[in-house]
Every structure is written in structure tokens, then in C-alpha cells.
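# Examining the three-dimensional arrangement
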Amino acid sequence: MPYETPQAAAVAWLAYPQLAPLPDQPTLDWLFDEGSLTRRLTGLSHDHFSVTPLFEGWQPLRDDECAALGLRPGAQGWVREVYLRGHGQPWVFARSVASRTALERGGLDLETLGSRSLGELLFCDQAFVRHPIEVCSYPQDWLPAEVASAGLWGRRSRFERDGLDLLVAEVFLPALWHAAKEENR
Ligand SMILES: C=C(O[C@@H]1C=C(C(=O)O)C=C[C@H]1O)C(=O)O
């Protein structure tokens, strides 16, 4: 199951100009990097990168997701939740969603993605345009229990191709920050 929660956990997604105080530079550098996170993690892990699906299925999307995708509240969508792992450790929790109507119009098969990275698909297809990244302190209740903790940075952005919108949210877990620090020592 995805980590369904009361919608009340209000989440404030902020674009870069709205962010005050700013986090430190290494954090900003990860949060607002517009390149493929899959590729960056593959590099950081020296090719010991993997994707583990946690949940994939149709669900009513959360209110903040419907708002970002311009859908009515409670609209159905495809939900894919995964860990992006380095050396087998969960480094990032990612949740990607798209509306059922947009997916049914065609062109993107998320159901058969499995442990292949969605990032490869998005970044290999030049037609996808990435919209500006927004960040938040990700609600603890929306994380899998084994990594749930308050105050973790999350980010999201919309990838768009011919009217098909995919909203990708990524939450940076403590093991990622640890690995990134080690790399810079
Ligand atoms: C958007 C990207 O794709 C990543 C891969 C995902 C997946 O396979 O489900 C989910 C979110 C992303 O972190 C990326 O690599 O930048």
C-alpha cells in the first residue's frame, strides 16, 4: 500500500525564490539539480544503483498532486512508489503520479516499468519538458515506516509531453546525504 494518510497533513511546496532561509549549498545542489537523479545516483554509487518498486497501482491522487496536475480533487491516477538505492540502501523515496485520463489518452506505459528507472525513460525522450522544481519538508506520514522521519527534504516537478503530465516527487533520505558527504571528503 502507498502510505495513505489524512489529507490534513498540509504540505507547503516552495519554488526556489520562495525558500527562506536557504538550505546549505550541498543541499541546494541536490534539490535543484535538473539533470537525471537516476544518473547522478548511479555515479555516486559507482554503478551500484537499483530501483525497487514499493507500490504501483490506480489510486485517488492526493490533493496537492491534483492541484499540481490541474485535476479535480480526488481524481484517479497511476501511483508508482519506489526506493532508489545505492549499494542496496534506500537513498531516495520517489513517488510518481499521472492522471488516469492522461495515461489512457496514450503514449506512456507505466504499468510495465517494474525495476527499470522511470528517469531513464523521461531523460531519454527529448520531448519531455521538465517544469520548475519545488521543495518541501516532506510529511513523515507519507513515507514508508522504515524510513519515516520528520523534516526530510522532498522535491517535485512535472514532466510534460504532448499534454501528458507526470508529477515526480523525490525525498532525500539520510543515507544519501551520508554518501554524498563521504564522496566530497
Ligand atoms: C525523474 C527521475 O526518475 C527517477 C526514477 C523513478 C522511478 O523509477 O520510479 C522515480 C523518480 C526519479 O527519481 C530521474 O532519474 O531524475
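Residues numbered from 1 in each chain as written. Predicted model: local features only at pLDDT ≥ 70, side-chain atom pairs only at ≥ 80, totals over all residues. Heavy atoms only, no water.

As annotated in an unreviewed UniProt entry, the protein is Probable chorismate pyruvate-lyase from Pseudomonas maumuensis. Of the protein, the UniProt comment under Sequence similarities (unreviewed entry) reads exactly: "Belongs to the UbiC family." (UniProt positions renumbered as here; feature names shortened; annotations may be inferred.)

### With respect to helix 2 (residues 37-44)
If you check which residues of helix 2 are buried, you get Leu-37, Thr-38, Leu-41 and Leu-44. The buried residues of helix 2 occupy an angular sector of 130 degrees when projected down its axis, which confines them to one face. Its side-chain oxygen at 3.3 Å from the backbone nitrogen of Thr-38, Ser-36 defines the N-terminal cap of helix 2. Phi turns positive one or two residues past the end of helix 2, at His-46, with a value near 50 degrees. (Buried < 20%, exposed > 50% of the residue type's maximum accessible area, 1.4 Å probe, protein only. Helix = DSSP H or I, 4+ residues; strand = E, 2+ residues; numbered from the N terminus. Arc of directions from axis to C-beta. Polar contact = N/O pair within 3.5 Å; in protein donor to acceptor, adjacent residues only side chain to side chain.)

### Some words on the UniProt feature "binding site: substrate" (unreviewed entry) in the protein
The positions that UniProt labels "binding site: substrate" (unreviewed entry) are, in the present scheme, Arg-80, Leu-118 and Glu-170. Across 91 residues of sequence, these annotated residues stay compact in space, with a maximum C-alpha separation of 12.2 Å. Lining the largest cavity, from the set of annotated residues above, are Arg-80, Leu-118 and Glu-170. Mapped onto the elements of the fold, Arg-80 is located in strand 3 (residues 76-86). Judged by relative accessible area, which is 3%, Arg-80 ranks as buried. Contact partners of Arg-80, with chain neighbours within four places excluded, come to Val-51, Pro-53, Phe-55, Glu-56, Ala-94, Arg-95, Ser-96, Leu-113, Gly-114, Arg-116 and Leu-118. A distance of 3.0 Å separates polar atoms of two side chains, one belonging to Arg-80 and the other to Glu-56. (1 Å grid on protein atoms, 1.4 Å probe; cavity = no way out; pocket = protein on both sides within 12 Å on 5 of 7 lines; lining within 4 Å. Contact = heavy atoms within 4.5 Å.)

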